[in-house]
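Geometric and topological summary
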Amino acid sequence: MNAVPKFPPRRPLLVSLLSLVCWCGCLGALAVSAFGLMSFAAPDYWVADNMSFFLRQFLAAGLAGCLAGAVGLLLRHRFAMLYRTLWFCAFLAFLGLAGLTAARTMANTVDTAAQQEGRRPVKVISINIEHLFLGDAVLQAFLERENPDVVVMQEVLWGLQKLRWERLGLPAGGAGKNGFPAHLKIGELGGLVVYSRFPVLKEDSRVIQGELPSGSTVYYDADRELLALTLDTGAKPLHLVAIHPDSPRSESRWKNKRRYFDEVDRLVRSLQTENSGNILAIGDWNSAPWSARFQQTLEENGLSTAYPGGFPQTTRFFFHYRLHWILGAPVDQFAVSGGVQVTDVSLGPHIGSDHLPLIVELALEDVQQPAADPDPQSPADPETGESVD
């Protein structure tokens, strides 16, 4: 008589579902960690470089997957060795991504500190207003409350702004009123606008030609502008560079952004060669702080940055402000030369744009006036020691 084969007892359904969740957690953690590592392994490729925008989300998903996978280590699996190997690989990939992200976050970063003696404070606010009208009550109330020395705006569409002001019968731009500093400068394409409390000593507006992809509408302009201003702050001159490259939503636009960064490097190097003042490059960089190209600009030009609360936070959000921690990216940045002290970095509230205001407080060295020496050619009075003619 043939013996009846014995099969292992079937696991309860809940245990099987939990096992499936654990397998998916391991696979998911490995996948998202691999996506994040692409931005470090292949930064010169469009898709890989763009993964740097989502490193926070990848890290959160990777951590959740590894924790779910760790629960699975307590369960029995038909392929137990395969499961343990998969979880171990996912955990190693997650640790690698976390370590590289932390290292790049700290690279070229300075800590904020109390203002040093003998320096002058300067408060700068950068906002991508996403075509918000400059006469908007919420925007003006925010600027009045913050009382900045300099305001740098992107995506202004100055031509349409001017028409709106004219329809209201008011001077275009509202400089000197409602929280806007008195000195107004506009980029050549009208996308970048700077308001300054300090007089402008020098202006340099450049247009970087971009590649126009096929099928583009008239609303898209592949050309982008750089606006550099030298400001008389009463301390050493501040060389302000307003930044806004193309958003890398396609490979051609990613290449446009890279060309823009090349021009930023040339401009900063020329400022360092020709002048002895301080440099502040600020705006919507359309780059995460973990982008290799962003860090390259800081490294090669001796610039440094800092983050609100000490770590990169969402400045550009998608769909709705309440989801900004989940669906958003830190793309509004600033960089300063070595002589500039960063005393505080913070984010403003939601003002109606899809970007949050970036508030940077700096301290600049005062101009030191050398003491007047007596004329060595004039004889000195033997009693007083003063020079006489």
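As the structure is a computational prediction, the values presented were derived from the model and not from experiment. (Residues numbered from 1 in each chain as written. Predicted model: local features only at pLDDT ≥ 70, side-chain atom pairs only at ≥ 80, totals over all residues. Heavy atoms only, no water.)

Observations concerning the packing of helix α3 (residues 55–72) against helix α4 (residues 80–106)
Worth spelling out the cut-off: Convention adopted: a line fitted to C-alpha atoms gives each axis, helices being fitted over their contacting stretch, and angles between N-to-C directions are expressed from 0 to 180 degrees. Numbering of helices and strands runs from the N terminus, with a helix taken as a DSSP run of H or I at least four residues long and a strand as a DSSP run of E at least two residues long. An angle below 35 degrees is treated as roughly parallel, one above 145 as roughly antiparallel, one from 65 to 115 as roughly perpendicular, and anything else as oblique. Left-handed describes a crossing in which the near helix is turned anticlockwise from the far one by less than a right angle; the clockwise case is right-handed. Only heavy atoms enter the contact rule, under which two residues are in contact if any of them lie within 4.5 Å. Following the grouping adopted for this structure description, the nonpolar residues are Ala, Val, Leu, Ile, Met, Phe, Trp, Tyr, Cys and Pro, the charged ones are Asp, Glu, Lys and Arg, and the polar ones are all others, Gly among them.
With their axes 10 Å apart at the nearest point, α3 and α4 run at an angle of 150 degrees to one another. Taken together, the axes of α3 and α4 lie roughly antiparallel to each other. Both α3 and α4 take part in a crossing whose hand is left-handed. Counting all contacts with α3, which are made through Leu-55, Phe-58, Leu-59, Gly-62, Leu-63, Cys-66, Ala-68, Gly-69, Ala-70 and Gly-72, the residues of α4 involved are Tyr-83, Trp-87, Ala-90, Phe-91, Phe-94, Leu-97, Ala-98 and Thr-101. A class-by-class count of the residues in the contact of α3 with α4 yields 14 nonpolar, four polar and no charged.

Overview of the sheet that holds strand β3 (residues 183–186)
Formally: For two strands to count as paired, DSSP must find a minimum of two bridges between them.
Spatial strand order, β3-β4-β2-β1-β13-β12: six strands in an open sheet with mixed pairing. Each end of this open sheet is capped by a strand with a single partner; those strands are β3 and β12 (341–347). Strand after strand, the sheet turns through a mean of 15 degrees between neighbouring axes, direction not considered. Pairing analysis gives five bridges linking strand β1 (residues 119–128) to strand β2 (residues 150–154), with the strands arranged parallel. Its bridge partner being in β2, Ile-127 is matched across the sheet by Met-153. Along the sheet, helix α5 (residues 137–146) contacts β1, β2 and β13 (358–365); its crossing angle with β1, the most-contacted strand, is approximately 170 degrees.

Let's talk about the packing of helix α7 (residues 251–274) against helix α8 (residues 292–301)
In contact at an axis separation of 10 Å, α7 and α8 are set at 15 degrees when each is read in the N-to-C sense. One element, α7, and the other, α8, form an angle in the roughly parallel class. Where α7 crosses over α8, the handedness of that crossing is right-handed. Contact residues: Arg-258, Phe-261, Asp-262, Val-264, Asp-265, Val-268, Arg-269 and Gln-272 in α7; Arg-293, Phe-294, Thr-297, Glu-300 and Asn-301 in α8. In terms of residue class, the contact of α7 with α8 is made up of four nonpolar, three polar and six charged.

Focus on the nonpolar core
As a reminder of what qualifies: To form a nonpolar core, buried Ala, Val, Leu, Ile, Met, Phe, Trp, Tyr and Cys residues must be joined to one another through side-chain atoms within 4.5 Å. Burial here depends on accessible area, computed with a 1.4 Å probe over protein chains only, as a share of the maximum for the residue type. Under 20% is buried, over 50% is exposed, and the range in between is partly exposed.
Ranked by internal contacts, the top residues of the largest apolar core, which has 26 residues, are Val-150, Val-152, Val-194, Leu-240, Leu-280, Ile-282 and Phe-334. A total of four residues in this core trace back to one element, the largest contributor, which is β13. Setting aside residues up to four positions removed in sequence, Val-152 forms contacts with Val-124, Ile-125, Ser-126, Ile-127, Val-193, Val-194, Leu-240, Ala-242 and Ile-282. Within the second largest apolar cluster, 19 residues are counted, among which are Phe-133, Phe-142, Trp-165 and Val-193.

Topic: the pairing of β3
Look at any regular strand and the pattern is simple: side chains alternate between the two faces of the sheet. Taken together, the four bridges between β3 and strand β4 (residues 193–196) define a ladder with antiparallel strand orientation. Considered in β4, the bridge of His-183 is made with Ser-196. Connecting the antiparallel pair β3 and β4 is a turn made up of six residues, with Gly-190 showing a positive phi of about 80 degrees.

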